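Structure at a glance
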Amino acid sequence: MFLNAKNWMGQALATVAVTMLAAGCGGNNTGKGELDSPTKGEIHISVDKTYQPLLESEIRVFESQYPKAKIIAHYKPEADCFKDLFNDSARLIIVTRDLKANELEYFKKEKIRPQSGKLATDAIALIVNHSNPDSILTMDQVREIMNGKSQRKWNIVFDDQNSSTARYVLDSINKGQPLPANTMAAHSNAEVISHVEKDKNAIGVIGVNWISDTNDSTAIEFSNRITTVKLRADGYTEFVKPYQYFIGTKSYPLTRGMFYILKEPRQGLGSGFVTFLSGQPGQLVIGKFKLFPARLNIVFREATLTE
């Protein structure tokens, strides 16, 4: 369904109300009265649903290495992940931003020391129908589309009106201006892809891991269900897709961070999973899903790409 533009502005930019924290941390034990450890036990975590394919793979690999560990991930809009952190429903969240100054100040007053760090540089991909002739865009054209000033009709599709991709467009592209009336919430990232497949006027806004071909060892191929838009960043001459090299060098214009935020008073399963995500095994999975790993020493080599 198409949504009122004012609702997008109000809901996507709504700040998370800081609520009183309980003394303990949610999901701290295995369910049998036994505290979890970095490699065993059970915890619930909240994950921005932009990262669902990636985190599902990370959890499979982690649990295969540590069979006594069980990580139950809840995939939801980013704003809800922060609510879970503050109301003690989750001690670990995976999101697209670090803690803000006011949030850090709140934890300081509560004598809580959350840990946080960057795991990867992520990219926002724009996707269109194969029959759409406009698959190469400048950032000026992207801004015109997202603020409703484009001469051509576009149907903008997000996964959710409270999603991190909607917040990114409002903050980084529209600079606080509302999205136009022809903006749609598809309710899931999979539905964004399905909608774009059917609508030649649609432009989908989606995290790059949702369209990555993980069977491609060269880390450059995307889903053949849709066309991934080439973009030219301001001040650049080349139009590029969100390949890892262009994400890492920031020559692809729509990039953001992928962060963990951990609120764990001791070395539990949350700490163990963060260590895994930050180490080589977890970082290699991140690379497989076409994000640019933040904690690997990556060497660029020249190559010729053909399309």
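Next up on the list: the overall build of the protein. A count of helices and strands for the protein gives ten helices and twelve strands. Every one of the 307 residues in the protein was classed for burial, and the buried ones make up 53%. In the structure as shown, the protein presents an accessible area of about 14,400 Å², 49% of it carried by carbon and sulfur atoms.

Another point: the pattern of salt bridges. Tallying each qualifying case throughout the model produces 15 salt bridges. Among the salt bridges present, the one from Glu264 reaches Arg91, with a minimum N-O distance of 2.3 Å. With Glu264 in the loop between strand 11 (255-262) and helix 9 (269-278) and Arg91 in the loop between helix 3 (78-86) and strand 3 (92-95), the pair connects residues that are 173 residues apart, well separated along the chain. Taken individually, Glu264 and Arg91 each receive the classification buried, so the pair is uniform in this respect. The salt bridge partner of Arg225 is Glu197, with a shortest N-O separation of 2.6 Å. Here Arg225, found in the loop between strand 8 (202-207) and strand 9 (227-228), pairs with Glu197, found in helix 7 (residues 189-198); they are 28 residues apart in sequence, far enough to count as distant. Residue Glu197 is classed as partly exposed on the basis of its relative accessible area, which comes to 36%. Here the salt bridges share partners, and the residues they tie into one network are Asp36, Arg91, Glu264 and Arg266.

A few words now on the environment of Ile72. The residue Ile72 is located in strand 2 (residues 69-76) in this model. A residue is classified by how much of its surface remains accessible, and Ile72, at 23% relative accessible area, is partly exposed. Setting aside anything within four residues of it in sequence, one finds Ile72 in contact with Glu42, Ile43, His44 and Ile45.

The next subject is unusual backbone geometry. Peptide bonds are trans in most cases, and residues, glycine excluded, mostly fall at negative phi. In this structure, Asp88 is a non-glycine residue whose phi angle is positive, near 75°. Its identity is not glycine, yet His187 carries a phi of approximately 80°, on the positive side. Locating His187 in the fold gives a position in the loop between strand 7 (183-185) and helix 7. The exposed category is assigned to His187, whose relative accessible area is 54%.

On to the confidence of the model for the protein. Low pLDDT means the predicted atomic positions in that stretch should not be read closely. Mean pLDDT for the protein: 88, with 84% of residues reaching 70 or above. Within the model, pLDDT remains below 50 along residues 8-27, and this stretch shows 58 contacts once partners closer than five positions in the same chain are excluded.

What follows deals with the packing of aromatic side chains. Applying the stated criterion to the full structure yields ten aromatic pairs. For the pair Tyr243 and Phe246, a centre-to-centre distance of 6.1 Å together with 35° between the ring planes defines the contact as tilted. Look at Tyr243 and you get buried, because its relative accessible area is 11%. Relative accessible area serves as the criterion here: at 13%, Phe246 is assigned to the buried category.

Further remarks concern the packing of helix 9 against helix 10 (residues 280-288). In helix packing, the relevant descriptors are the interaxial angle and the interaxial distance, both defined with respect to the helix axes. Interhelical geometry of helix 9 versus helix 10 gives an angle of 60° and a closest axis separation of 4 Å. Between helix 9 and helix 10, the angle is such that the two are oblique. Of the residues in helix 10, those touching helix 9 at Phe276, Leu277 and Ser278 are Gln280, Pro281, Gly282, Gln283 and Ile286. Class assignment for the residues of the contact of helix 9 with helix 10 results in four nonpolar, four polar and no charged.

Calculation criteria
- Residues numbered from 1 in each chain as written.
- Predicted model: local features only at pLDDT ≥ 70, side-chain atom pairs only at ≥ 80, totals over all residues.
- Heavy atoms only, no water.
- Helix = DSSP H or I, 4+ residues; strand = E, 2+ residues; numbered from the N terminus.
- Buried < 20%, exposed > 50% of the residue type's maximum accessible area, 1.4 Å probe, protein only.
- Areas by Shrake-Rupley, 256 points an atom, 1.4 Å probe, with all protein chains shown as cover.
- Salt bridge = Lys/Arg side-chain N within 4 Å of Asp/Glu carboxyl O.
- Contact = heavy atoms within 4.5 Å.
- pLDDT = per-residue confidence, 0-100.
- Phe/Tyr/Trp six-rings, centres within 6.5 Å; stacked < 30°, edge-to-face > 60°.
- Axes fitted to C-alpha atoms, helices over the stretch in contact; angles between N-to-C directions.
- Parallel < 35°, antiparallel > 145°, perpendicular 65-115°, else oblique.
- Nonpolar A, V, L, I, M, F, W, Y, C, P; charged D, E, K, R; others polar.

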